[in-house]
Amino acid sequence: DLNKGNSHVGVMMTATNRNIDQASLEFLHKSAYSGGVDFRHSWNNRTYYLEGNLAISQVNGTEEALLRTQTASTRFFQRPDADHLEVDSTRTSLTGTGGKLEFGKRGKGNIRYEIGGTWKSPGLAINDIGFMRSTDLIKQYSWVGYSSPNPTKWYRRFNASLSQYTNWDFGGMNISNGLSFSTSAELKNYWGVRMGSSLRTESASRSALRGGPAFVRPGSTYLWFRLSSDERKKLRFSTNPWFSSGNKGYSDGFGVSMSFNYQPINSLNISLSPAYSWSNREQQYVTTKDYESQKRYINASIEQNTASLSIRFNYSIRPNLSLQFYGQPFVSAGNYDEFKKITDPDNNSYSSRFHIFDENQITLDDDEESYLIDENRDGNVDYSFSNPNFDFLQYRSNFVMRWEYKPGSALFLVWNKERTENPGMENFSISGSVDGFLDPESQAHNTFLLKFTHRFVL
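A brief structural summary. (Residues numbered from 1 in each chain as written. Predicted model: local features only at pLDDT ≥ 70, side-chain atom pairs only at ≥ 80, totals over all residues. Heavy atoms only, no water.)

**Remarks on the overall build of the protein**
Along the protein, the regular secondary structure elements total 2 helices and 24 strands. Its C-alpha atoms put the protein at 75 × 60 × 55 Å along the principal axes. Restricting the contact set of the protein to residue pairs at least 6 apart, pairs at least 24 apart contribute 55%. Counting every atom, the protein has about 26400 Å² of accessible surface; 53% of that belongs to carbon and sulfur. Between the centroid of the 49 positive side chains of the protein and the centroid of its 48 negative side chains there is a distance of 19 Å. (Helix = DSSP H or I, 4+ residues; strand = E, 2+ residues; numbered from the N terminus. Contact = heavy atoms within 4.5 Å. Areas by Shrake-Rupley, 256 points an atom, 1.4 Å probe, with all protein chains shown as cover. Lys, Arg positive; Asp, Glu negative; His and termini not counted. Charge placed at Lys NZ, Arg CZ, Asp CG, Glu CD.)

**Details of empty space enclosed by the protein**
Counting across every chain of the model gives 1 cavity of 30 Å³ or more. If you add up the space inside the largest cavity, you get close to 40 Å³. Lining the largest cavity, in full, are Thr14, Thr16, Ala32, Tyr33, Ser34, Ala125, Ile126, Asp128 and Ile129. Residue assignment for the lining of the largest cavity shows that the elements contributing at least two residues are strand 1 (7–17) and strand 2 (31–43). By residue class, the composition of the lining of the largest cavity is 5 nonpolar, 3 polar and 1 charged. (1 Å grid on protein atoms, 1.4 Å probe; cavity = no way out; pocket = protein on both sides within 12 Å on 5 of 7 lines; lining within 4 Å. Points joined across faces, edges and corners; volume = space filled by probe spheres on them. Nonpolar A, V, L, I, M, F, W, Y, C, P; charged D, E, K, R; others polar.)

**Some points on the sheet that holds strand 19 (residues 362–365)**
Remark on secondary structure: sheet strands pair via backbone hydrogen bonds, oriented parallel or antiparallel. Across the sheet, 3 strands lie side by side as 19-20-21; this open sheet has antiparallel pairing. Every other strand in the sheet has two partners, leaving strand 19 and strand 21 (383–386) as the edge strands with one partner each. Averaged over all pairs of adjacent strands, the angle between strand axes in this sheet comes to 25°, irrespective of strand direction. (Pairing = 2+ DSSP bridges. Axes fitted to C-alpha atoms, helices over the stretch in contact; angles between N-to-C directions.)

**Describing the environment of Ser384**
In this structure, Ser384 sits in strand 21. Note: C-alpha distance between Ser384 and Asp365 (19 residues apart in sequence) is 9.7 Å. Those residues in contact with Ser384 that lie beyond four places of it in its chain are Lys289, Tyr371 and Leu372.

Take a look at the structure:
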């Protein structure tokens, strides 16, 4: 901290080193280093601020390890339309940078705002000791908000905000643009209301074809709403329905999540959170096949249903002794149809970006659970792929007893239970899901943990 807390500077460094003595492990980096610095400076009684950070990374290893790094889903250097990238099979190290710079106003008056930008170079690699989904990204963003903390005859407080973003890659391709608006209010009866929407223009997905060229997806609109009851009550609830729609029939979806919370006494809290969602997307990646010295990127339409129920309770027997439980049954099923090959992924016309296989080109082999493709309709199978339909049932729970036997020292007893099934439901159904969870032949994995900490006062 500097300048009486109005400024600060931070430094962080990480290092991963592996002693790899088996050929089967040479796909891992031998070493990985990262370092960074961040700062924040505020002025005018912390009304305005400027903040930023800078990071750099380097990974080292065998040619196999670095080839894997370059072609991983985080980078996809092999993309045929990325002229600024190339795969070097002789590379044994990779270096990258990332950073952020942001200016904003967070004090005084009803208006707040921020504007900034971030970047992640193609070679940035921090996943040996961190987590990062993608690189090769330059982002510009801005946000402005209005806050009214003073009660009126309509509400106790009110907030509204508007934001926008634009993304590019290091080759200058515009990846996506978006705009969103949200508003929230606490009413006079202490109930809360929130709502918002977001609009995304046509976007180029560099990962949609898993290393293939960028696929241009139509824009979409997303709407959401949230209603919550008085948080002061023993029994309270909230609901959050949402709806999304893609342009040109590209995708549709809706869902709702709810939360019920009951606190009969100060030491006991019980909550139930059910959720359900449905979506239908026209472009879901299935596989990549070789055909006549060319790559065939196969997509399909997918209808997916997902449902879950989260259960929690926390009970403080004494200030230093508590019981906690969390459990969640989860089910998701996806059905694929209308299989298609990608022909021109960035064509100005959406319908010209793909070709839907007709009944003379695709056949389902029920015995082998695979699709047979006769692309040129000559009666011979050109290639095949497995039926991608799926259903997934899972139950996870944690039961924890925590005893703080002296200040700063604690004993934890943990029981973790997990069960995963693929019951083979032809269609999504709640009854079929319940039957799957109640199947007596299902096997669960149980894990028991003991954690002990003791604080020494020197």
